[in-house]
Amino acid sequence: MPAPVIYRLTPYGETVLPVVEGVRVWGEAHLERTGGVLAPDTAMSCADMVG
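Residues numbered from 1 in each chain as written. Predicted model: local features only at pLDDT ≥ 70, side-chain atom pairs only at ≥ 80, totals over all residues. Heavy atoms only, no water.

**Let's talk about the overall build of the protein**
Broken down by element type, the protein carries 2 helices and 0 strands. Out of the 51 residues belonging to the protein, those deemed buried represent 2%. A total of about 4,900 Å² of accessible surface is found on the protein, and carbon and sulfur atoms cover 66% of it. (Helix = DSSP H or I, 4+ residues; strand = E, 2+ residues; numbered from the N terminus. Buried < 20%, exposed > 50% of the residue type's maximum accessible area, 1.4 Å probe, protein only. Areas by Shrake-Rupley, 256 points an atom, 1.4 Å probe, with all protein chains shown as cover.)

**Here we look at the pattern of salt bridges**
All chains considered together, the criterion is met by 2 salt bridges. Arginine 24 serves as the salt-bridge partner of glutamate 28, at 2.9 Å between the closest nitrogen and oxygen. With glutamate 28 and arginine 24 both in helix H2 (residues 17–34) and 4 residues apart, the pair spans about one turn of that helix. In the salt-bridge network here, residues are joined through shared partners; they are Glu21, Arg24 and Glu28. (Salt bridge = Lys/Arg side-chain N within 4 Å of Asp/Glu carboxyl O.)

In structure tokens form, the structure reads like this:
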């Protein structure tokens, strides 16, 4: 079994998070506008922990 690896962004890498959050917000608005379906509890914020 391989050892677990934890990845983290550097402080400089974290500067891209507002851009990613903007794309996420746009994507959700696009789904609403086009009638796309977003399953309950699947939306994530850039501030949410993954894993």
